Amino acid sequence: MDVENAAALENRYALAERMAREGGAVAHQYFRDRGSLAIETKRDPQDVVSIADRGVEQLIRKAIAKEFPEDGVLGEEYGLEAGTSGFTWVIDPIDGTSAFLAGMPTWCVSIGLLHEGKAVVGVINAPCLDEHYAAAAGKGAFLNGERLLLTGAITPRNALTGIGANSEVSPQSVAAMVERLLMENGNFIRNGSGALMIAYVAAGRLAGYIEPSMHAWDCLAGYCLVVEAGGSHLPFPVEGKGLTGGAPVLAAGPGSLDALAKIAQFVEV
Ligand code: IPD
Ligand code: CA
Ligand code: CA
């Protein structure tokens with residue numbers, strides 16, 4: 001990245017951090033008042049949304065449009081608006097909406113930024129947990145200001161693996177994945193937010209995270225965090241229609257990539 005782009009990245013990283021915190025604070029207020037939220041369903045009764053998701057995405061989009069009107073924006077609730085600058089923001093205003101609406105604390109605001117096909121910024125704010133994860137390309141990954149560095153000491157055998165599933169994939173494929181993990185003497189956890197569990201991989205809390213199909217807004221911010229912490233992930237197809245569609249997701253610490261690739265059996269890593 002040249003000098004001009006380095007400044008462009010720095011300014012956008014600052015905005016991502018600010019909007020993840022501001023969005024998190026707004027979402028947290030909705031969370032406290034969740035008894036009054038009207039819950040709507042999308043694809044199926046498990047796929048829910050409320051004004052909290054829409055309000056937070058609008059807030060973030062407005063700030064981006066003001067500071068970087070030439071950037072593209074993809075958000076879960078309002079779709080893709082192409083830009084001309086080469087930067088595209090990828091936003092999940094609330095990841096873990098089911099947990100959020102049921103009164104569980106494991107949800108977050110997730111903001112990623114793509115440049116030349118790569119996630120160059122990833123910020124995840126989890127207000128109920130008082131956790132703020134932030135990373136930018138070449139600048140490291142941080143949790144509440146503390147540097148995250150993965151060592152390779154944890155594996156699917158000595159740590160939990162995050163697993164996710166939604167109604168876009170067959171129950172059999174998910175069951176087979178869980179079975180393979182258990183057969184390898186691993187075990188799984190699912191907290192309702194794939195984005196937050198990928199941040200947990202960056203924090204060395206989980207060996208890795210696997211889910212047969214997620215969207216860019218669920219995983220790209222987390223992917224940046226994992227890479228900057230020293231881990232790796234499956235490529236996400238960000239060209240053309242790939243950016244708005246689903247793709248297999250795997251993020252892992254250095255000691256877990258090969259083992260989880262075998263367990264997930266999506267494609268070659
Ligand atoms: C969902 C969560 C969940 C994952 C799903 C996602 P949402 O996002 O990340 O953990 O398993 O695939 O769709 O609907 O809460 O934003
Ligand atoms: Ca999501
Ligand atoms: Ca969401």
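For clarity, every value in this text was computed on a predicted model and none was experimentally measured.

(A) Just the sheet that holds strand β14 (residues 232-233), in detail. As summarised here, the arrangement of the five strands in space is β12-β11-β13-β15-β14, forming an open sheet in which the pairing is mixed. Two strands in the sheet have a free side with no partner beyond their single neighbour: β12 (188-189) and β14. In the sheet, β14 pairs with strand β15 (residues 247-252) via two bridges, with the strands oriented antiparallel. In the strand pairing of β15, His 233 is matched with Ala 251. Lying on the sheet, helix α6 (residues 216-229) is in contact with β13 (208-214), β14 and β15; it crosses β15 at an angle near 25°.

(B) Looking closely at the coordination of the calcium ion (ligand 3). Of the protein atoms, only Glu 76 (OE), Asp 92 (OD), Asp 92 (OD) and Ile 94 (O) coordinate the calcium ion (ligand 3), at distances of 2.2 to 3.2 Å. Linear spacing of the donor residues for the calcium ion (ligand 3) on their chain is E-x15-D-x1-I. Separating the calcium ion (ligand 3) from the calcium ion (ligand 2) is a gap of 3.6 Å, which Asp 92 spans by donating to each of them. The same class applies to Asp 92 as to Ile 94, namely buried.

(C) Representation of the coordination of the calcium ion (ligand 2) in the model. Distances from the calcium ion (ligand 2) to its protein donors, Asp 92 (OD), Asp 95 (OD) and Asp 218 (OD), fall at 2.1 Å. Of note, the calcium ion (ligand 2) draws all its donor residues from one chain, in the sequence arrangement D-x2-D-x122-D.

(D) The arrangement of helix α2 (residues 51-67) in detail. Between its first and last C-alpha, α2 extends 24 Å over 17 residues, near the 24 Å set by a 1.5 Å rise per residue. Regarding α2, the residues found buried are Ala 52, Asp 53, Gly 55, Val 56, Glu 57, Ile 60, Arg 61, Ala 63 and Ile 64.

(E) Highlighting α6. The terminal C-alpha atoms of α6 lie 20 Å apart, and with 14 residues this matches the ideal 20 Å at 1.5 Å per residue to within 8%. Burial runs high along α6: 13 of the 14 residues are buried.

(F) Spatial organisation of the packing of aromatic side chains. Per the stated rule, a full pass over the model turns up four aromatic pairs. Ring geometry for Phe 100 versus Trp 107: centroids 4.8 Å apart, planes at 80°, classification edge-to-face. Assigned by exposure class, Phe 100 and Trp 107 land together as buried. The structure contains a cluster of three or more aromatic residues connected by ring pairs, namely Phe 31, Phe 100 and Trp 107.

(G) Highlighting the site of ligand 1. Every one of the 16 residues lining ligand 1 counts as a neighbour, but Asp 95, Gly 96, Asn 166, Arg 190 and Glu 211 are closest to it. Measuring from an oxygen atom of ligand 1, one finds a backbone N or O atom of Ile 94 at 3.3 Å. A distance of 2.5 Å is found between an oxygen atom of ligand 1 and a side-chain nitrogen or oxygen belonging to Glu 211. Against a free-state accessible area of 380 Å², the protein chains account for coverage of 88% of ligand 1. Those elements giving two or more residues to the shell around ligand 1 turn out to be β5 (87-95) and β13. Sorting elements by how many residues they give to the shell around ligand 1 places β5 first, with three residues. Per-class residue counts for the shell around ligand 1 are three nonpolar, seven polar and six charged. Looking at the shell around ligand 1, you find at least three residues from each of domain 1 (3-148) and domain 2 (160-264).

(H) Main features of the domain arrangement of the protein chain. Here the protein chain is described as being made up of domain 1 (3-148) and domain 2 (160-264). One C-alpha centre belongs to domain 1, the other to domain 2; they are set 19 Å apart. Listed per partner, the contact involves 42 residues of domain 1 and 27 residues of domain 2. Carbon and sulfur atoms make up 67% of the area that domain 1 and domain 2 hide from each other, which totals about 2,400 Å². At the junction of domain 1 and domain 2, the tally comes to one salt bridge. In this structure, the salt-bridge partner of Arg 205 is Glu 131, at a minimum N-O distance of 2.7 Å. Taken together, the connections running from domain 1 to domain 2 amount to nine residue pairs in polar contact (both at pLDDT 80 or more). The set of elements that each furnish at least two residues to the side of domain 1 that touches domain 2 consists of β3 (72-75), β5, β6 (108-115), β7 (118-126), β8 (131-136), β9 (140-143) and β10 (146-148). The greatest single-element share of the side of domain 1 that touches domain 2, amounting to seven residues, is contributed by β7. Its residues placed into classes, the side of domain 1 that touches domain 2 shows 24 nonpolar, 10 polar and eight charged.

Definitions and cut-offs
- Residues numbered from 1 in each chain as written.
- Chains lettered and ligands numbered in written order.
- Predicted model: local features only at pLDDT ≥ 70, side-chain atom pairs only at ≥ 80, totals over all residues.
- Heavy atoms only, no water.
- Pairing = 2+ DSSP bridges.
- Helix = DSSP H or I, 4+ residues; strand = E, 2+ residues; numbered from the N terminus.
- Contact = heavy atoms within 4.5 Å.
- Axes fitted to C-alpha atoms, helices over the stretch in contact; angles between N-to-C directions.
- Donors = N, O, S within 2.8 Å, 3.2 Å for Na, K, Ca; no water.
- Buried < 20%, exposed > 50% of the residue type's maximum accessible area, 1.4 Å probe, protein only.
- Expected span 1.5 Å × (residues − 1).
- Phe/Tyr/Trp six-rings, centres within 6.5 Å; stacked < 30°, edge-to-face > 60°.
- Near = heavy atom within 4 Å.
- Polar contact = N/O pair within 3.5 Å; in protein donor to acceptor, adjacent residues only side chain to side chain.
- Areas by Shrake-Rupley, 256 points an atom, 1.4 Å probe, with all protein chains shown as cover.
- Nonpolar A, V, L, I, M, F, W, Y, C, P; charged D, E, K, R; others polar.
- Domains from an automatic or database assignment.
- Buried area = accessible area lost by both parts, 1.4 Å probe.
- Salt bridge = Lys/Arg side-chain N within 4 Å of Asp/Glu carboxyl O.

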